[in-house]
Amino acid sequence: MKILVTGGAGYIGSHTLIELLEAGYEPVVIDDYSNSEPSSLERVREIAGGIWEIIEGDVCDYDTVKDIFDRHEVGAVIHFAGFKAVGESVEKPLMYYRNNLGATMNLIRVMNEAGVGRMIFSSSATVYGMNNQVPFDETMPVSCTNPYGRTKLMSEQILKDAAAADGNFRPVILRYFNPAGAHTSGLIGENPRGIPNNLMPYIQQVASGRREKLTVYGNDYDTPDGTGVRDYIHVVDLAKGHLKALEWSLESCGEGGEVFNLGTGRGTSVLQLLTAFERVNEVPVPYVIGSRRAGDIATCYADASKAEKVLGWKAEKNIEDMCRDAWRWETNKARWETNRGVQR
Ligand code: UD1
C-alpha cells in the first residue's frame, strides 16, 4: 500500500520511513527541505532499500498535492511536515499559522476529494499546557502558550471538525513527548540548523566540541534535583508507534478518529540526562546553571497506557540507548562534514 509521508526527510519522518519500508509499505515522500536535507532520504534507502517517489514541494500547494493523489493510489497519509521552533513561532506567528494550518487543511481537502480517509498527525505534548498534573493523559484539558503550540492545537481541532463532518475521515493524532536518539545504524538522526533549541541535540554538540557548554535552564524547579523533568522517547520507538497507529487506523479506527500519547511514562531531569550521556559515552559535557526559560514547565511525562492498550505499542528503549545512539550519529555527522569541508 502506498503511504504519503509529508516531511519524510525530517528527523521523525526519516525514521518512520524505515519502519514503513521494513513492513512492506510503499512510501511516497513530499518535503520542501526547509528544515532537512535530501541526503537523509538517500541514507534511508541505504538502510531499508525500497523505491518510492520523492517530491520536492510544498504541502500547502493544492496542485502539488492533488497531482500526487492523481498519480498514486494513496492508502493513507502520515503528516509530519511543519515548522517546530517555539522561539521562531513567537517572532513569525503568521508564517507558522500559514504553513502548519495551511498544510493540514490542504491535505484534508485533497484527501476528501480523493476519498482517502486515514491520516496520522504529528501533534505534541505541548498541548497539555501549564496547568495539568503529571502524568498527562489524553482526556486532560488542552491549552498552549505560544504560536507553535497553538498550530498543533488548532490542527487537532480542525482534524476533529473535519472528522465530525465526514465519517470516512478518521484521523489519528499522536502527541509526542520528547523525541531523542537516532537510528542504530548511525546513518540518520536529528540535524538541527543553527543553534539547537532542544536539550539532546545541544548536549551532542557540546560533547563534540562544537559548542562550549550547555546552559541548564533553571535548577530551582520543584523536581528531585531542581532541573526540568521530561519524558524522553527514542525516535525509533516513536517511529514504530507510527506504524502501529497506521495499522490500527486502517483496520480498527472508528468514526471521529482518536488521540494517543507517545511517551515512555518515565520522567528524566536535565542533569540526569546529561550525566547519563557522559557515563554511557565517556565524554564530558560541561554546563552552567542559567535562569529558567520562559514557557517551560517543571515536569512533563506521559500516561502512555492508552497507546499500549489500544495500539499494542510500548516504548522499549531507555535513556542509555538514546544517549549512545545520539552520540554515534553526532560523531558520524561530524566526520562526514569534515570530509566534505562543510563549515559548521
Ligand atoms: C520543547 C518545546 C515544545 C516542543 C518540544 C519538541 C519549548 C518551551 N517547548 O519542549 O513546545 O513540542 O520542544 O520539539 O521550547 N533545556 C536546558 N538547556 C537547553 C535546552 C533545554 O536546560 O539548552 C531544558 C529545558 O528547560 C527542559 C528540558 O531541557 O527542561 C527539555 O527541553 P527541550 O528539549 O527544549 O524540550 P521541551 O521544552 O520539553
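Residues numbered from 1 in each chain as written. Predicted model: local features only at pLDDT ≥ 70, side-chain atom pairs only at ≥ 80, totals over all residues. Heavy atoms only, no water.

1. Focus: helix α5 (residues 93–114)
- Helix length check: α5 (22 residues) gives 31 Å between terminal C-alpha atoms against 32 Å at 1.5 Å per residue, within 8%.
- Along its length, α5 shows its largest kink, about 25 degrees, at G102.
- Within the span of α5, buried status applies to Y96, N99, N100, L101, G102, A103, T104, N106, L107, I108, V110 and M111.
- The positive-phi residue at the C-terminal boundary of α5 is G115, with phi of around 75 degrees. (Helix = DSSP H or I, 4+ residues; strand = E, 2+ residues; numbered from the N terminus. Expected span 1.5 Å × (residues − 1). Bend = angle between axes of the 7 residues up to and from the residue. Buried < 20%, exposed > 50% of the residue type's maximum accessible area, 1.4 Å probe, protein only.)

2. Let's talk about helix α7 (residues 199–207)
- Of all nine residues that make up α7, nine are buried, and the element is covered over most of its length.
- Looking only at α7, the buried set comprises L199, M200, P201, Y202, I203, Q204, Q205, V206 and A207.
- G209, located one to two residues past α7, shows a positive phi value of around 90 degrees.

3. Points about the environment of L21
- Position of L21 among the secondary structure elements: in helix α1 (residues 11–22).
- Take L21: its relative accessible area is 13%, and that puts it in the buried class.
- Through-space distance from the C-alpha of L21 to that of W52 is 9.6 Å; in sequence the pair is 31 residues apart.
- Not counting chain neighbours up to four residues away, the residues in contact with L21 comprise P27, V44, A48, G49, G50 and W52. (Contact = heavy atoms within 4.5 Å.)

4. What to know about the pattern of salt bridges
- Counted by the stated rule, this structure contains 17 salt bridges.
- With its nearest N and O atoms 2.9 Å apart, the salt bridge here joins R71 to E53. Separated by 18 residues along the polypeptide, R71 in helix α3 (residues 62–71) and E53 in the loop between α2 (38–48) and β3 (54–56) bring together distant segments of the chain.
- Overall, R71 belongs to the partly exposed group, its relative accessible area being 42%. (Salt bridge = Lys/Arg side-chain N within 4 Å of Asp/Glu carboxyl O.)

5. Brief notes about the pairing of strand β5 (residues 119–124)
- Burial within β5 is extensive, with six of its six residues counted as buried.
- Covered by surrounding structure in β5 are M119, F121 and S123 together with I120, S122 and S124, the residues of both alternating faces.
- Two strands pair when backbone bridges link them, and strand β4 (residues 74–79) and β5 are joined in this way by three bridges, in the parallel orientation. Residue pairing for β5: V77 is matched across the bridge by M119.
- Sheet topology places β5 next to strand β6 (residues 172–176); five bridges connect them, and they run parallel. (Pairing = 2+ DSSP bridges.)

6. With respect to empty space enclosed by the protein
- The tally for this structure, following the rule as stated, stands at one cavity of 30 Å³ or more.
- If you add up the space inside the largest cavity, you get close to 40 Å³.
- What lines the largest cavity is simply H79, A81, G82, N100, T104, F121, T151, K152 and S155.
- At the level of secondary structure, the elements contributing two or more residues to the lining of the largest cavity comprise α5 and α6 (147–165).
- No other element matches α6, which puts three residues into the lining of the largest cavity.
- Looking at the lining of the largest cavity residue by residue, the classes come out as two nonpolar, six polar and one charged. (1 Å grid on protein atoms, 1.4 Å probe; cavity = no way out; pocket = protein on both sides within 12 Å on 5 of 7 lines; lining within 4 Å. Points joined across faces, edges and corners; volume = space filled by probe spheres on them. Nonpolar A, V, L, I, M, F, W, Y, C, P; charged D, E, K, R; others polar.)

Shape descriptors only; they carry no functional weight alone.
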